[in-house]
Amino acid sequence: MSLPADSNFRSGSASRPPSRPDNTIKNVLSIPPKWLHMYGDFITKNSHQVSQIESALRSLTYIIPGRFRDAEIASETLHSGVQLLSLYHDAVLRGAITRIPALASKIPSPHARYTKFWTAKSRLYRRIALLLQIVQYTELLWEMAAKRKGEKIRWRVVIVLEVIKAVCRLLLMQVTNSRPLVTPALPERDPLPPDVELDDNDALRELMGEDISTTGSNGSAKAVHEKEWTMPRSGASLPSLPSPGDISSYLMSRVLTADDIKPAAKLLNTLSRSGQTAEILHILSPLVYAIALSRSKDKKSWAPWIVGLSMEYAARQLRDRGLRSTALENEEWGKRYWAAGWWTMRGAFYDHFTKNVIAGVRRRMPNLVSGIIEDYEYLWENYYFSTSA
């Protein structure tokens, strides 16, 4: 009687699947998160070098001879890839800064406080802002790829991208309870200070407020009162005393303004009806201009340019003004005033005026600079998003 039972037991054990493939799959799936974690640690520890590499790659795409004629897709792909990679680096460094006491206690800018508040509060805001940023970083690449299939496809892609951006901005305005948009919608990268290694004598002298010469990795000396001394055993950090000749800057660095103590959501006021109309006009003006330009038979016609600029001008006239405006709102409108300068590089105004001015300047430049300007002229004349703010 024991034999059948024993045979059943053996057959049951033989029918069980081996556990090794499951463990192998789990190990394989666990590799990407480990690599991302290792990569994030590398970015955090080498933030200055990474920023320099990003800037160098961007500059390389700007000055490559023949960038826009012979290798426009490859060069713009590199540029967009660097922008998207820097977007990921920004997220990694934001998480690292919260773990550094010296930086966590630093008063952030109003823009950083406002955008960090909404990205932490609303998952919808964070996703929409991320989508908007990705579209802005890759829009020129999409237009370049679409143009190879014809002008009709190109203008369809341009209008679709402008529709996506307009919808994202309207949704951001709705999520923030009818508040103005900020540029960019995501928090900007906070610079990590270089780690300066000091010996014990220098650390004690710094703590007592003596003037010591310490230079960061970027070659700039850091003020004494901006550094902290960490106790070896407890790990607590103590602020350094200022030098006698640096007391005023020491006190000014610790002055709190009204915006510093104001809740992050109050850094931008809720818009009135006229303010909402102004914001909607500002959001829709690029879309209306793109549609008018795509339907215009004469690309040198003034009608699309006048329509787009009129909407921008109306938005500025209807915006909320006076004592009710906050510092962050005035800063945002200041950015928009500077961005309005791109209208001189668009449409009929560029064809009738700016193009001749640039050609005159180019003739007086050395051959290297003249060639780069000529490449950019090709870009401005053939691609809509090259001058899109």
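Provided above is the structure to which this section pertains.
Residues numbered from 1 in each chain as written. Predicted model: local features only at pLDDT ≥ 70, side-chain atom pairs only at ≥ 80, totals over all residues. Heavy atoms only, no water.

The next subject is the packing of aromatic side chains. Tallied over the full model, the rule gives 13 aromatic pairs. Ring centres 5.5 Å apart and planes at 85 degrees place the aromatic pair Trp-302 and Trp-305 in the edge-to-face group. Owing to a relative accessible area of 30%, Trp-302 belongs among the partly exposed residues under this scheme. Here Trp-305 falls in the buried class, since its relative accessible area comes to 12%. Summarising the aromatic geometry, the rings of Tyr-376 and Trp-380 are spaced 5.8 Å apart at their centres and angled 40 degrees between planes, so their arrangement reads as tilted. Here Tyr-376 pairs with Trp-380, and both are found in helix H16 (residues 367-382), just four residues apart, close to one helical turn. Ring-pair connections join several aromatic residues into one group, and the members of that group are Trp-155, Tyr-289, Trp-343, Tyr-384 and Phe-385. (Phe/Tyr/Trp six-rings, centres within 6.5 Å; stacked < 30°, edge-to-face > 60°. Buried < 20%, exposed > 50% of the residue type's maximum accessible area, 1.4 Å probe, protein only. Helix = DSSP H or I, 4+ residues; strand = E, 2+ residues; numbered from the N terminus.)

All right, on to the side chain of Arg-319 then. By secondary structure assignment, the location of Arg-319 is in the loop between helix H13 (303-318) and helix H14 (327-339). Here Arg-319 occupies a buried position and makes no salt bridge, while the nearest side chain of opposite charge, Glu-329, is found at 4.6 Å. Excluding residues within four positions of it along the chain, Arg-319 makes contact with Ala-278, Ser-325, Asn-330, Trp-333 and Tyr-337. (Lys, Arg positive; Asp, Glu negative; His and termini not counted. Salt bridge = Lys/Arg side-chain N within 4 Å of Asp/Glu carboxyl O. Contact = heavy atoms within 4.5 Å.)

Their axes nearest at 5 Å, the elements helix H6 (residues 110-121) and helix H7 (residues 123-147) cross at an angle of 115 degrees. Contact residues: H6 offers Thr-115, Trp-118, Thr-119 and Lys-121, while H7 offers Arg-123, Tyr-125 and Arg-126. Its residues assigned to classes, the contact of H6 with H7 shows two nonpolar, two polar and three charged. (Axes fitted to C-alpha atoms, helices over the stretch in contact; angles between N-to-C directions. Nonpolar A, V, L, I, M, F, W, Y, C, P; charged D, E, K, R; others polar.)

Working note: α-helix, 3.6 residues per turn, so residues spaced by three or four point in the same direction. Look at H16: 23 Å from first C-alpha to last across 16 residues, which is about the 22 Å you get at 1.5 Å a residue. Here H16 has its buried residues at Ser-370, Ile-373, Asp-375, Tyr-376, Glu-377 and Leu-379. (Expected span 1.5 Å × (residues − 1).)

A word on a nonpolar patch on the surface. Residues Leu-36, Tyr-39, Phe-42, Leu-85 and Tyr-88 make up a contiguous nonpolar surface patch of roughly 450 Å² in combined accessible area. Every element with two or more residues in the nonpolar patch is listed here: helix H2 (20-45) and helix H4 (72-97). At three residues, the largest contribution of residues to the nonpolar patch is made by H2. Topologically, Tyr-39 is positioned in helix H2. (Patch = residues over 30% accessible without salt bridge, like charges linked within 9 Å, V, L, I, M, F, W, Y side chains within 5 Å. Areas by Shrake-Rupley, 256 points an atom, 1.4 Å probe, with all protein chains shown as cover.)

Right, let's get into the pattern of salt bridges. Scanning all chains against the criterion turns up nine salt bridges. Note that Arg-316 is salt-bridged to Glu-312, the shortest N-O span being 2.7 Å. Here Glu-312 and Arg-316 lie together in helix H13, a separation of four residues that amounts to about one turn. As far as burial versus exposure is concerned, Arg-316 and Glu-312 are alike and both buried. Look at the salt bridges and you will find they share partners, linking Glu-139, Glu-162 and Lys-165 into a network.

A cis amide bond links Thr-183 with the next residue in sequence, Pro-184, at an omega value of -5 degrees. Counting through the fold element by element, Pro-184 comes out in the loop between helix H8 (151-175) and helix H9 (200-207). The phi angle at Asn-177 is positive, at roughly 60 degrees, despite the residue not being glycine. Here Asn-177 lies in the loop between H8 and H9. Under the relative-accessibility criterion, Asn-177 is labelled partly exposed at 45%. A positive phi angle, near 60 degrees, is found at Ser-178, a position not held by glycine. Here Ser-178 shows up in the loop between H8 and H9.

Moving on, we come to the environment of Ser-109. Note that Ser-109 resides in the loop between helix H5 (101-104) and H6. For Ser-109, a relative accessible area of 40% corresponds to the partly exposed category. Residues Ser-109 and Leu-328 lie 219 residues apart in sequence; the distance between their C-alpha atoms is 9.3 Å.

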